[in-house]
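An overview of the molecular structure
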Amino acid sequence: MITIQLNNVTKSYSSSDWEQHTRKGRGLFSSLKKTTPEPELLDRVYALDDVTLTIHRGETVSVIGPSGCGKTTLLRVIAGLTQPTSGEVLYDGRPVSEVPIAHRGIGIVFQDYVLIPHMDSYSNIGFFDIVRGTPEKIPERIEHIAEVMNVEIKYLLRRKPPQLSGGERQRVAIAHCLARDPRLFLFDEPLSNVDAQLRVSIRSKIKRLLEHYRITSIYVTHDQTEAVALSERIIVMNAGRIEQTGTYRRLYEAPANVFVAGFLGIPPMNLFEGYVREHVWHGKSFTLESLPYALGEGKEIVLGIRPEQVKIASGGFPAIVENVEKHFSERVQLLHLRLGEVFLAASIAIEPSIRLGETIPIQLPTENLVFFDQASGKRLGVK
């Protein structure tokens, strides 16, 4: 186990590199930020933009964000596979560039598995023991890994990767990484190519091994459910920057800015643009008079409220039901509503049943509202 520190890490590319990648359809830079901070850095695209982060010994963190936000670049920089343009990455206080690759102790699980195709699973799992000249350790190691992951893998051992299903290849890939006794575990969207039902099963195996080994781990994913299930702390990225870190509950209940509010949650927070005049918030289709605190005369303000905090109550704003989604396992129904020119979501109890096209009165309780400065995106009213 090790502590990982990133101090003011930046990774930038020239626009020509960016155009080359986008022409190839990789989408790597699709949402990255183009900035011109200094003359010598003109026309640059930033995959990582001044990232400072500490991942503590034995901690598991998840990194989430939209495609192209820099998640994989962050992982590659931490692993020492990509050299940052500026800043430093430290392993237990030592620059990663000074740690020989063989001594970094990194196990990486990729979304495309990266197994040696001409080797059977036994040799893939025991590859590092074969290289070290200790093949006699492989059977015991496989037995231990199977016990920790609570999964039977012996029947896979004589098959080569092309003969395995996606889920089987992923199990072998995880076992392959564990077999090298890593100090740092890196996951790059390892379940993105696995079907939904199998994803839940493999996720539980990964959780089991993380709790058993307590290896410092970084899990990159686009799936918020995976992030919540596997991690103690979540990092939200956008355009190469870290927007906010914390537990999922903290991020969900107290988003630092409009991006986090609009990204977290399924569905995410309802957000409405408006402005303040004479202590009244004016939006496109409704106004609010009972504001919890002074927002500033004439300021453009984004109002937010979570779907489960929207109430159906007499005297509320009339909203037309555009769609209804029943979530029977959670005993809720998700309503997609149109309120004048704006749309919003409301999550309510599954009974009574709401009909498509029905007009219902909705209320936005003042105590549940959050406000953001439209210009900066930052949350207001937070000390």
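To keep things clear, this report deals only with the structure shown in the data block.

This part takes up the overall build of the protein chain. Scanning the protein chain for helices and strands turns up 10 helices and 20 strands. Structurally, the protein chain occupies a C-alpha span of about 75 × 55 × 40 Å along its principal axes. Evaluated residue by residue, the protein chain yields a buried proportion of 48% over its 383 residues. With an accessible surface of roughly 18700 Å², the protein chain has 50% of that area assigned to carbon and sulfur atoms. Side-chain charges of the protein chain comprise 45 positive and 44 negative groups, with the mean position of each set lying 4 Å from the other.

In the structure shown here, the tally under the stated rule is 10 salt bridges. As a salt-bridge pair, Glu232 and Arg214 come within 2.9 Å of each other at their nearest N and O atoms. Taken together, the residues span a long stretch of sequence, with Glu232 in the loop between helix 8 (224-230) and strand 10 (233-238) and Arg214 in the loop between helix 7 (196-213) and strand 9 (216-220) at a distance of 18 residues. For the salt bridge of Lys299 with Asp373, the shortest nitrogen-to-oxygen distance reads 3.3 Å.

Overall, the coordinates contain 7 aromatic pairs when judged by the stated rule. One aromatic cluster is present, built from ring pairs that chain together Phe272, Trp281, Phe286 and Phe317. The residue whose ring lies beneath Lys11 is Tyr13, and the NZ or CZ to ring-centre distance is 5.2 Å. Geometry around Tyr122 places Arg158 over its ring, the cationic atom sitting 4.8 Å from the centre.

Taking a probe equal in size to a water molecule and rolling it over the atoms shows the remaining empty space. A full pass over the atoms with the stated rule returns 1 cavity of 30 Å³ or more. Around the largest cavity sit Thr72, Leu75, Arg76, Ala79, Leu81, Ile108, Phe110, Leu186 and Asp188, which together line it. Sorting the residues of the lining of the largest cavity by element identifies helix 2 (71-79), strand 7 (106-110) and strand 8 (184-188) as the ones contributing at least two each. The element contributing the most residues to the lining of the largest cavity is helix 2, with 4 residues. For the lining of the largest cavity, the residue count by class is 6 nonpolar, 1 polar and 2 charged.

Moving on, we get to the side chain of Asn257. One can find Asn257 in the loop between helix 9 (248-253) and helix 10 (258-263). On the accessibility criterion, Asn257 (11% relative accessible area) is buried. For Asn257, the side chain forms a polar contact with the main-chain nitrogen of Phe259, separated by 3.2 Å. A distance of 2.9 Å separates a polar side-chain atom of Asn257 from the backbone nitrogen of Val260. Excluding its chain neighbours within four sequence positions, the residues that come into contact with Asn257 are Glu243, Phe372, Gly377, Lys378 and Arg379.

This brings us to the sheet that holds strand 9. A sheet is described by the order of its strands in space; here 6 strands give the open sequence 7-8-9-4-10-11, paired in mixed fashion. Each edge of the sheet is formed by a strand with only one pairing partner; in this case those strands are strand 7 and strand 11 (241-246). Direction aside, neighbouring strands of the sheet carry axes that sit 15 degrees apart on average. Taken together, the 5 bridges between strand 10 and strand 11 define a ladder with antiparallel strand orientation. Across the sheet, Val236 pairs through a bridge with Gln244, a residue of strand 11. Sheet contacts for helix 7: strand 4 (60-64), strand 8 and strand 9; angle to strand 8, the most-contacted strand, approximately 165 degrees.

Cut-off values and rules
- Residues numbered from 1 in each chain as written.
- Predicted model: local features only at pLDDT ≥ 70, side-chain atom pairs only at ≥ 80, totals over all residues.
- Heavy atoms only, no water.
- Helix = DSSP H or I, 4+ residues; strand = E, 2+ residues; numbered from the N terminus.
- Buried < 20%, exposed > 50% of the residue type's maximum accessible area, 1.4 Å probe, protein only.
- Areas by Shrake-Rupley, 256 points an atom, 1.4 Å probe, with all protein chains shown as cover.
- Lys, Arg positive; Asp, Glu negative; His and termini not counted.
- Charge placed at Lys NZ, Arg CZ, Asp CG, Glu CD.
- Salt bridge = Lys/Arg side-chain N within 4 Å of Asp/Glu carboxyl O.
- Phe/Tyr/Trp six-rings, centres within 6.5 Å; stacked < 30°, edge-to-face > 60°.
- Lys NZ or Arg CZ within 6 Å of the ring centre and 35° of its normal.
- 1 Å grid on protein atoms, 1.4 Å probe; cavity = no way out; pocket = protein on both sides within 12 Å on 5 of 7 lines; lining within 4 Å.
- Points joined across faces, edges and corners; volume = space filled by probe spheres on them.
- Nonpolar A, V, L, I, M, F, W, Y, C, P; charged D, E, K, R; others polar.
- Polar contact = N/O pair within 3.5 Å; in protein donor to acceptor, adjacent residues only side chain to side chain.
- Contact = heavy atoms within 4.5 Å.
- Pairing = 2+ DSSP bridges.
- Axes fitted to C-alpha atoms, helices over the stretch in contact; angles between N-to-C directions.

Don't take any of this as a statement about function, it's just geometry.
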